Amino acid sequence: MRHQYHPLGFEGSRIAQGFWRMNEWDMSATDSLGFIEACLDLGVTTFDHADIYGDYQCEALFGDALKCKPALRDKMEIVTKCGISLPSYNRPDIQVHRYDYRSEHILASVDRSLASLQCEYIDTLLLHRPSPLMEADEIAQAFDLLFTLGKVKHFGVSNFTTRQFDLLQSRLDAPLIINQVELSPLALKHFEDGTLDHAQQHAVTPMAWSPLAGGELFSAKSEKAARVLAVLTELAASKACSVDQIVIAWLLRHPSEICPVMGSGNIERLATVVCAQSLMLTDDDWFRIWIASQGQPVP
């Protein structure tokens with residue numbers, strides 16, 4: 001009997017926690033478990049991974065923590081990615097930094113991720129970056145098998161253009177439910193190139209990587225970052241909140257229902273960001289940040 005895809009799209013938390021730097025947090029498995037439990041207590045239930053993160057180590061670190069309390073698996077949504085082949089001491093079989101979407105690679109990558117994460121299924125599998133050699137039909141076969149075997153519940157992409165997204169979707173029975181792209185007050189490309197319009201049209205959730213612009217917002221080394229930071233600081237003072245709360249509220253305000261992926265291993269910082277969900281920005285507030293980033297008034 002053929003499995004039926006769930007009709008609903010992304011059902012994760014409004015804010016996600018990323019683990020791409022988990023190997024830098026210097027946490028024991030017990031410490032990591034405590035961090036994961038604290039995330040769940042804050043209502044952050046979506047955890048973002050990729051096979052390559054931390055030189056192929058971060059999924060296993062997360063899995064070591066989850067092994068300490070396996071019952072937590074049912075309280076979270078695990079997102080992971082595949083498709084980038086990265087030469088590494090931990091992967092001596094890989095010789096060239098490239099993309100690989102052959103069916104056998106996708107299937108093997110998922111099996112490795114499941115073993116590393118120490119869980120039986122992945123909630124959503126994303127293709128990490130588009131490849132010029134992407135064969136949509138072959139990917140569709142791999143996705144269909146992964147779903148039929150119960151190894152992956154949902155599928156999505158990361159860093160795909162709308163045309164690349166539509167090409168892959170045209171070959172799939174499963175709806176693609178996520179496109180993870182760079183979005184921040186300093187990264188406006190996908191606000192303007194149709195990506196977020198496309199997401200709304202097809203009920204796709206945009207997940208925002210680097211929502212705080214990788215810290216560039218706070219260093220304000222460029223003229224653009226300095227302009228934006230000045231406005232963010234003024235708004236934060238007027239609303240008695242932090243600058244990072246203003247940034248996250250600005251992303252959450254967008255009608256495409258952006259899901260920011262936070263990357264800090266500091267639970268207090270995550271708790272601060274979670275409070276941004278109750279912070280309402282007016283249209284004037286939102287456009288002041290937009291105009292500061294653009295460096296000119298709207299047309």
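Notes on the structure in this doc start here.

**With respect to the overall build of the chain**
So, step 1. Helix and strand counts for the chain stand at 13 helices and ten strands.
So, step 2. In terms of overall dimensions, the chain is globule-like: its C-alpha atoms have a radius of gyration of 19 Å, near the 19 Å expected for 299 residues.
So, step 3. Overall, the chain is about 55 × 45 × 40 Å in size when its C-alpha atoms are taken along their principal axes.
So, step 4. Per-residue burial over the chain gives 52% buried out of 299 residues.
So, step 5. Looking at the chain as shown, the accessible area adds up to about 13,900 Å², and 51% of this sits on carbon and sulfur atoms.
So, step 6. Here the chain holds 25 positive side-chain charges and 38 negative ones, and the gap between their average locations is 1 Å.

**Describing the pairing of strand E9 (residues 205-209)**
So, step 1. Counted residue by residue, E9 has four buried out of five residues, so it is predominantly covered.
So, step 2. Pairing between strand E8 (residues 176-182) and E9: five bridges, direction parallel. Across the sheet, the residue bridging to Val-181 is Ala-208, located in E9.
So, step 3. When E9 meets strand E10 (residues 259-262), the two strands line up parallel, connected through two bridges. Along E10, the bridge assignment pairs Ala-208 with Pro-260.

**With respect to the layout of surface pockets**
So, step 1. Taken as a whole, the largest pocket spans an internal volume of roughly 620 Å³.
So, step 2. Contributing to the lining of the largest pocket are 28 residues, with Trp-20, Arg-21, Trp-209, Ser-210 and Gly-263 lying nearest its centre.
So, step 3. Those elements that place two or more of their residues in the lining of the largest pocket are helix H2 (53-56), E10 and helix H12 (267-274).
So, step 4. If one sorts the elements of the lining of the largest pocket by residue count, H12 sits on top with three residues.
So, step 5. For the lining of the largest pocket, the class distribution of residues is twelve nonpolar, eleven polar and five charged.
So, step 6. Within this model, the second largest pocket holds a volume of roughly 170 Å³.
So, step 7. Every residue lining the second largest pocket is counted, 13 residues in all, and those nearest its centre are Asp-93, Arg-98, Asp-100, Arg-102 and His-105.
So, step 8. Here the lining of the second largest pocket gets four residues from one element, more than from any other, and that element is helix H4 (residues 103-117).
So, step 9. For the lining of the second largest pocket, the class distribution of residues is three nonpolar, three polar and seven charged.

**Brief notes about a nonpolar patch on the surface**
So, step 1. Together, Phe-287, Ile-291 and Val-298 give the surface a local cluster of nonpolar side chains, amounting to about 220 Å² of exposed area.
So, step 2. Relative to the elements of secondary structure, Ile-291 occurs in helix H13 (residues 283-294).

**Looking at the environment of Leu-196**
So, step 1. Turning to its location among the elements, Leu-196 is positioned in helix H8 (residues 195-201).
So, step 2. Spatially, the C-alpha atoms of Leu-196 and Asp-144 are 27 Å apart, while their sequence positions differ by 52 residues.
So, step 3. Setting aside residues no more than four positions away along its own chain, Leu-196 makes contact with Leu-183, His-190, Phe-191, Pro-206, His-254, Ser-256 and Ile-258.

**Some details on the side chain of Thr-45**
So, step 1. Within the fold, Thr-45 resides in the loop between helix H1 (29-41) and strand E2 (46-48).
So, step 2. Classification of Thr-45 by relative accessible area gives buried; the value is 17%.
So, step 3. Side-chain polar atoms of Thr-45 contact the side chain of Glu-77, separated by 2.8 Å.
So, step 4. Those residues in contact with Thr-45 that lie beyond four places of it in its chain are Ser-13, Leu-40, Lys-75, Met-76 and Glu-77.

Rules used in this analysis
- Residues numbered from 1 in each chain as written.
- Predicted model: local features only at pLDDT ≥ 70, side-chain atom pairs only at ≥ 80, totals over all residues.
- Heavy atoms only, no water.
- Helix = DSSP H or I, 4+ residues; strand = E, 2+ residues; numbered from the N terminus.
- Rg over C-alpha atoms; globule rule 2.2 N^0.38 Å.
- Buried < 20%, exposed > 50% of the residue type's maximum accessible area, 1.4 Å probe, protein only.
- Areas by Shrake-Rupley, 256 points an atom, 1.4 Å probe, with all protein chains shown as cover.
- Lys, Arg positive; Asp, Glu negative; His and termini not counted.
- Charge placed at Lys NZ, Arg CZ, Asp CG, Glu CD.
- Pairing = 2+ DSSP bridges.
- 1 Å grid on protein atoms, 1.4 Å probe; cavity = no way out; pocket = protein on both sides within 12 Å on 5 of 7 lines; lining within 4 Å.
- Points joined across faces, edges and corners; volume = space filled by probe spheres on them.
- Nonpolar A, V, L, I, M, F, W, Y, C, P; charged D, E, K, R; others polar.
- Patch = residues over 30% accessible without salt bridge, like charges linked within 9 Å, V, L, I, M, F, W, Y side chains within 5 Å.
- Salt bridge = Lys/Arg side-chain N within 4 Å of Asp/Glu carboxyl O.
- Contact = heavy atoms within 4.5 Å.
- Polar contact = N/O pair within 3.5 Å; in protein donor to acceptor, adjacent residues only side chain to side chain.

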